[in-house]
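Structural overview
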Amino acid sequence: TQLLEQSPQFLSIQEGENLTVYCNSSSVFSSLQWYRQEPGEGPVLLVTVVTGGEVKKLKRLTFQFGDARKDSSLHITAAQPGDTGLYLCAPIKAAGNKLTFGGGTRVLVKP
Amino acid sequence: SQTIHQWPATLVQPVGSPLSLECTVEGTSNPNLYWYRQAAGRGLQLLFYSVGIGQISSEVPQNLSASRPQDRQFILSSKKLLLSDSGFYLCAWSTGGSYEQYFGPGTRLTVT
């Protein structure tokens, strides 16, 4: 069974600050997805990273896939209250139809 | 465009009562369908997934069951609810060969 850990579990920051959340595993993955979930709603896909060392930017969000494809990070620059939510990583193995989600990092951006 | 519906949105049920949650997808054919449960503020636990009508894979042993009577309909059921069944239930779909999943609005179940 793969070990998948997201850290920190909870992060509270002021508007304008930067933050980084992490997704780490003991397994190698073919790709990895990041989702954001707002309270009372379903998760929404933010990005899929595929290549080891890949960096993708989505406005103020920067996603990086580790060189060994075992870990990933999400960095938010100048966080805004609208960034508040639960950030979930979902690594993907080469075969199969299902995702395994991490426990998530709950981010609270205070105005 | 594709849409996914879940109902009911909220449900309060006593221990020992039956359960039926429904999920339907519009605008796509032969989707992969998934049921997840989420504890408060935590990650998603995959309960069941289906790659076609009548094909159900169970991920965790429990008192829940799933059925797919039609191509775009996925039902989560229980004969007798437990307190531990409380949670936020999410249905999702994906197209064959794609790992991008699209989630429904969820059902919040409270077992009292």
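Since the structure is predicted, the reported quantities are computational estimates derived from the model, not experimental observations.

Across the boundary between the two partners, chain B contributes 20 residues, which contact 24 residues of chain A. Both faces considered, chain B and chain A share a buried interface measuring about 1,700 Å² in area, 52% of it formed by carbon and sulfur atoms. Our count for the chain B to chain A interface comes out at zero salt bridges. Between the two partners, chain B and chain A, sit four residue pairs in polar contact (both at pLDDT 80 or more). Elements represented by at least two residues in the side of chain B that touches chain A include exactly strand 4 (32–38), strand 5 (44–52) and strand 9 (87–94) of chain B. Considering only residue class, the side of chain B that touches chain A consists of 11 nonpolar, six polar and three charged.

Under the criterion given, the structure shown has two disulfides over all chains. Disulfide partner of Cys23(A): Cys89(A), at an S-S distance of 2.0 Å. Judged by the sign of its S-S torsion, about 65 degrees, the bond between Cys23(A) and Cys89(A) is right-handed. Of this pair, Cys23(A) sits in strand 3 (residues 19–25) while Cys89(A) sits in strand 9 (residues 85–92), and the two are 66 residues apart along the sequence. Disulfide pairing places Cys23(B) opposite Cys91(B) at an S-S distance of 2.0 Å.

Rules used in this analysis
- Residues numbered from 1 in each chain as written.
- Chains lettered and ligands numbered in written order.
- Predicted model: local features only at pLDDT ≥ 70, side-chain atom pairs only at ≥ 80, totals over all residues.
- Heavy atoms only, no water.
- Contact = heavy atoms within 4.5 Å.
- Buried area = accessible area lost by both parts, 1.4 Å probe.
- Salt bridge = Lys/Arg side-chain N within 4 Å of Asp/Glu carboxyl O.
- Polar contact = N/O pair within 3.5 Å; in protein donor to acceptor, adjacent residues only side chain to side chain.
- Helix = DSSP H or I, 4+ residues; strand = E, 2+ residues; numbered from the N terminus.
- Nonpolar A, V, L, I, M, F, W, Y, C, P; charged D, E, K, R; others polar.
- Disulfide = S-S within 2.5 Å.

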